[in-house]
Every structure is written in structure tokens, then in C-alpha cells.
Amino acid sequence: MGVSPTVAFQTLRSIPEFSNVPDGQLKWLFENSEIRSLQEGEFLFEPNQPIEWIYIFLEGSLDLYYFQGGNKRSLAQYQKGGILGYLPYSRAQKSIGYGEITSQAKILSYPKSKIQELIHQNPELTEEFVHFMVSRVRSFTSQNLQNEKMLALGKLSAGLTHELNNPIASINRDNAELHRLFQSENMSNFSLICSGLDVSQKHQLIEAIEKWKKSNRPKEMKALDIRRLEKEWVDRLENWGIEDADETAEVFCDFGINQEEISLWVEKIKPDALPVWLGWIQFLLQSQALINNILTGTERIGKLIGAVKSYTHMDQAPEKGEVDLVRGIVDTLAILAHKIKDSKVKVLFEKPEMEVFICGYAGELNQIWTNLIDNSIDAMETTSDPTLEINLIPEKSKVCVELIDNGTGIPDEIKSKIFDPFFTTKAIGKGTGMGLDLVNQIVLKHGGTIRVDSKPGRTIFKIELPKD
């Protein structure tokens, strides 16, 4: 048969679902089954074929997929120890997709026609098959529900992109024209009217104003220092004849204008024109700030639309291909930015110097990051200084992703249950219990592993994914 009874039995014994099955029943299963050998590229079954066998992989791997709208959609990957096909008491009659061998396989096959013998003679084995069937149904249900949500999000994103791109482009055009007008010579000349400056001084002042419009207060300046600086500006402006100088002081402070440099120009301006001149400088700076804010706002909207589009991969067929993990995590953080900000979570994510690619399904991998980051944020709800650290560690044949939070941690008594379908510790209406189950299924589908180590104040989810 190509596989020795000892090796076959060891494989059966290593399957977690069979951990409580007596040795005699596993030997009975082997002795009453046949072993099929298939090469890479062959099909174990195709759509609408009758389901006539229980299949257990002793060697090799299989990709289960179907086509929707001309696009290939993968349902699951099976490797050594994987179980599929007919199961006791199952109502499934025909296969729903293609079962393509992706590496040379040896498959233990038990015929459906003898299922009653299995049920009558092997109660523990039958019970485990039934448990596996229930888990499989739950897994497919949760994955299909998540895929439907992603499809709906993709459609919504497509509509938003179409509807928002035109007004954003219009705003950008108008903002660019507004910027051009405020940069024009006529606008600059307003600051020179009645100033009493000679020609050379006027040119110098225009150059100074352009420099002020591009300047900014140092980002590292502390709040106490900012308040002290604004107070200094108020005192100076009031001495120069400006009433209600608080707003003008705030503007000059925000732009990081040098007080001594302004003072030099104040000495050159006609005293009776000074309040109007300072007010005009304030107007120019505020107008420039508004132009900059509009540009920043439209850029952020554009980036968010791009992040949603990339996150859902709405413009790509759901096929396995090269996936940029850094881009996926960045897009996910952009999608969750509002919740991260509201929760005051500090995110530490140092991007690797080189791009990190693996072969996988981009949309599904993004669901891993979404669920894990979302759970971490919830776990830090009562933490005084919530911090989420994300590490991306490329290795020779795999990539390791670590998500570390300083939340409440996972109690030891429930660690073994967190990946179970529908298990949740969240309040009713806040959690479905499908998030981590889905994460686990996607990781397994990509041939990877996921582990968790948790104690109060430090929880680490570690995902390892093969590059190929």
C-alpha cells in the first residue's frame, strides 16, 4: 500500500481529534480502509461528485476551493492528519468544490458504504468523527459569514471611492487655486500699503512673510512652554497697540515666528499703520493654515479610501499570491485608527527595512490582524497606559508576527478555549466568539501556527507563517 501499518497508526494516533480513541479502534479503521496515492496536480474529487469516502491524510496536502464569478475562492488546506469527505451522520451528498493535491499524497480512505459497521463497532471513534463534523460546520459557517462581511465592505468601499473621489478632486483643485491667489503679488502687496518702507525693504519683507508662512512651531515643545511663549507674544503685541491680542499671539506662536525678527520690522513700519499691518500678517498666516489643513484633510481621506480598498482587495480576484505583510498591517491600523485614538492606545510598530512578502490570501491575512488588534484594544480598556507592540520578524523560510499588549491578560483556565468557535468573554452584543476561531482557521489554512502566552500586563500572540 506504500505506507507501513506502523507509520499509518502513528499518524492516526497523532491526530488531536483521535486522542481519546482506543488503539484497537484506530487499528480497525486502518485495517478496513484502503490507501490511495495521488500526485501533485491530481484531483481527489471535483464539484458535484458523490461523497463516498472518509479521507484521512497520512502524507501530502490538498487545497479545497471553488470558483465564484470566474474567481478562485479557497475554502481550506489539508495536510498530514487532515480529515475530510463523508463523516458519520452527515447529510452531505455531493462535493462542493475541487480537492486538488498540492504535494504527493497518501490518503487513508474508508468507504461510506460501510459506515454502519464503523458506527456499531467503534463508538469512541464515531463520537470523535461527529465532534469533528460539528466543528467543521461551525468553522465553515464563521468563515463564510466573515467572507460575506468582507464582500459587503468591499462593495461599500467601491461605492464610497466612486462617490468621494470627485468631490475630493474638486476640493483639491479649489484649494490649489486658493493657494495660488494667496501666493500672488497682489496679496503680498497688501502688507506693504502705508508701511513707509523703501523698495529694497519691501522685497525683503515679502521674502520674510513667505518664510513665516512655511514655518512651524517645534513639535517637541511642551504645553507649559507654549503657554509661556503665547504670554510673551501677548505682552509684545499689546505694547505694539494690538487690542485683544490673544488670537494673534496664538497664531504667531503656532507658526514659530521669531519675536526679535518681527520686532525689527515693527521698528520700520509707520506707527499708525502698525496694528493694521500686524493684523494683515495674522490674516495671511491663518489663511495659509486653513489651506494646509484642507490639503491635509483631503490627503487623509484619500489615504483612508486607499487603505480600505487595499484591506478588502476589492479590485483583485481572491487568489493566492504574493502578499506584503507590512502593507497589510499598516492598512489595518488605518482602518482601526478611530478606535485606537478613542482608546488612547499607543501603537509601536517599527517597519522592517526590507519589504516582507509571503504567499497567501491578502484579504484573509488582514482579518487576522484586524481581530487580534481589535481584541488587544478591548483587553486594554482598563489599562492606564495602553500600549500595543507589533513586531514583524522575517526568517529564512517563514515570517513571525508578534502582537504584544499590556492588558488584563487571559486567565489560565480559559487559555485552551479561546480558539474554540463561539467562545467569548465579552459582554452580550460586543463579541460573537468567532474572531479567534477565524484567526486560527486562516492561520492553519496558510500552513502556519499561532500561540499565545499571557499573564496580567503582558499578552503575546505569536503567528508564524511560511513564506511559500
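Parameters at a glance
Residues numbered from 1 in each chain as written. Predicted model: local features only at pLDDT ≥ 70, side-chain atom pairs only at ≥ 80, totals over all residues. Heavy atoms only, no water. Pairing = 2+ DSSP bridges. Helix = DSSP H or I, 4+ residues; strand = E, 2+ residues; numbered from the N terminus. Axes fitted to C-alpha atoms, helices over the stretch in contact; angles between N-to-C directions. Phe/Tyr/Trp six-rings, centres within 6.5 Å; stacked < 30°, edge-to-face > 60°. Buried < 20%, exposed > 50% of the residue type's maximum accessible area, 1.4 Å probe, protein only. Lys NZ or Arg CZ within 6 Å of the ring centre and 35° of its normal. Left-handed = near helix turned anticlockwise from the far one by under 90°. Contact = heavy atoms within 4.5 Å. Nonpolar A, V, L, I, M, F, W, Y, C, P; charged D, E, K, R; others polar. Salt bridge = Lys/Arg side-chain N within 4 Å of Asp/Glu carboxyl O. Polar contact = N/O pair within 3.5 Å; in protein donor to acceptor, adjacent residues only side chain to side chain. Core = buried A, V, L, I, M, F, W, Y, C linked by side-chain atoms within 4.5 Å. Arc of directions from axis to C-beta. pLDDT = per-residue confidence, 0-100. Patch = residues over 30% accessible without salt bridge, like charges linked within 9 Å, V, L, I, M, F, W, Y side chains within 5 Å. Areas by Shrake-Rupley, 256 points an atom, 1.4 Å probe, with all protein chains shown as cover. Lys, Arg positive; Asp, Glu negative; His and termini not counted. Charge placed at Lys NZ, Arg CZ, Asp CG, Glu CD.

Draft legend 1. Region of the structure containing the sheet that holds strand β13 (residues 458–466). Here we have five strands laid out as an open sheet, ordered β8-β10-β11-β13-β12, and mixed in their pairing. Of all the strands in the sheet, the pair left with one neighbour each is β8 (346–349) and β12 (449–455). The mean angle between the axes of side-by-side strands here comes to 10 degrees, regardless of whether they run parallel or antiparallel. Judged from the seven bridges that link them, β12 and β13 form a sheet pairing that is antiparallel.

Draft legend 2. A look at the packing of aromatic side chains. Evaluation of the coordinates by the stated rule reveals nine aromatic pairs. With a centroid separation of 5.0 Å and 80 degrees between ring planes, the pair formed by Trp233 and Phe252 is classed as edge-to-face. Of the two residues, Trp233 sits in helix α7 (residues 223–239) while Phe252 sits in helix α8 (residues 246–254), which places them 19 residues apart along the sequence. Of the two residues, Trp233 and Phe252, both sit in the buried class. Ring-pair connections join several aromatic residues into one group, and the members of that group are Phe43, Tyr65, Phe67 and Tyr98. Across from the ring centre of Phe9, 5.8 Å away, lies the NZ or CZ of Lys27, which sits over that ring. The ring of Trp265 has Lys268 lying over it, and the distance from NZ or CZ to the ring centre is 4.5 Å.

Draft legend 3. Spatial organisation of the pairing of β13. Note that strand β11 (residues 398–405) and β13 share eight bridges and pair antiparallel. In the strand pairing of β13, Asp405 is matched with Thr459. Counting the residues in the hairpin turn of β12 and β13 gives two residues, including Gly457, whose phi is positive at 95 degrees.

Draft legend 4. Representation of the packing of helix α6 (residues 199–214) against helix α9 (residues 259–268) in the model. Two numbers describe how α6 lies on α9: the axes approach to 12 Å, and their chain directions differ by 150 degrees. α6 and α9 meet at a crossing whose hand is left-handed. The segment α6 lies against α9, with Gln201, Gln204, Leu205, Ala208, Lys211 and Trp212 engaging Glu261, Ile262, Trp265 and Lys268. Taken together, the residues that form the contact of α6 with α9 break down as five nonpolar, two polar and three charged.

Draft legend 5. Just the pattern of salt bridges, in detail. Taken as a whole and assessed by the stated rule, the structure comprises 14 salt bridges. Note that Glu210 and Lys213 form a salt bridge whose closest N and O atoms lie 3.3 Å from each other. With Glu210 and Lys213 both in helix α6 and three residues apart, this pair spans about one turn of that helix. Here Glu210 and Lys213 have matching classes, each one buried. For Asp254, the salt bridge goes to Arg217, with nearest N and O atoms at 2.7 Å. Here Arg217 lies in the loop between α6 and α7 and Asp254 lies in helix α8, a separation of 37 residues in the sequence. Taking relative accessible area as the criterion, Asp254 reaches 33% and is therefore assigned partly exposed. The exposure class of Arg217 is partly exposed, given its relative accessible area of 25%. Ionic contacts of the salt-bridge type, sharing partners, join the residues Glu395, Lys398, Arg451 and Glu464 into one network.

Draft legend 6. Examining helix α11 (residues 325–335) more closely. Here α11 has its buried residues at Leu325, Val326, Gly328, Ile329, Asp331, Thr332 and Leu333. For α11, the N-terminal cap is Asp324; the gap from its side-chain oxygen to the backbone nitrogen of Val326 is 3.1 Å.

Draft legend 7. Representation of the nonpolar core within the structure. With 38 residues, the main nonpolar core has Leu325, Trp369, Ile373 and Leu392 as its most contacted residues. Elements that contribute at least two residues to this core include exactly α11, α13 (362–379), β10 (387–394), β11, α14 (435–445) and β13. The dominant element in this core, judged by the number of residues it contributes, is α13, at seven residues. Residues in contact with Ile373, not counting those within four places in the same chain, are Thr332, Leu333, Leu336, Leu388, Ile390 and Leu403. Within the second largest apolar cluster, 32 residues are counted, among which are Val251, Ile262, Trp277 and Ile291.

Draft legend 8. Up close: unusual backbone geometry. Even without being a glycine, Asp244 presents a positive backbone phi close to 50 degrees. For Asp244, the location among the structural elements is in the loop between α7 and α8. A residue is classified by how much of its surface remains accessible, and Asp244, at 74% relative accessible area, is exposed.

Draft legend 9. The arrangement of helix α1 (residues 5–14) in detail. Buried within α1 are the following residues: Ala8, Phe9, Thr11 and Leu12. Looking down the long axis of α1, one finds its buried residues gathered within 160 degrees of arc, a one-sided arrangement. Facing away from the buried side of α1, by more than 90 degrees, are the exposed residues Thr6 and Ser14.

Draft legend 10. Region of interest: the confidence of the model for the chain. Predicted confidence across the chain gives a mean pLDDT of 82, with 83% of residues reaching 70 or more. Low confidence marks residues 427–433, where pLDDT is under 50. Its contacts with residues over four positions away, or in another chain, come to eleven contacts.

Draft legend 11. Focus on a negative patch on the surface. On the surface, a cluster of negative charge is made up of Glu238, Glu243, Asp244, Asp246, Glu247 and Glu250. Residue contributions to the negative patch peak at three residues, all from α8. Considering the arrangement of structural elements, one finds Glu247 in helix α8.

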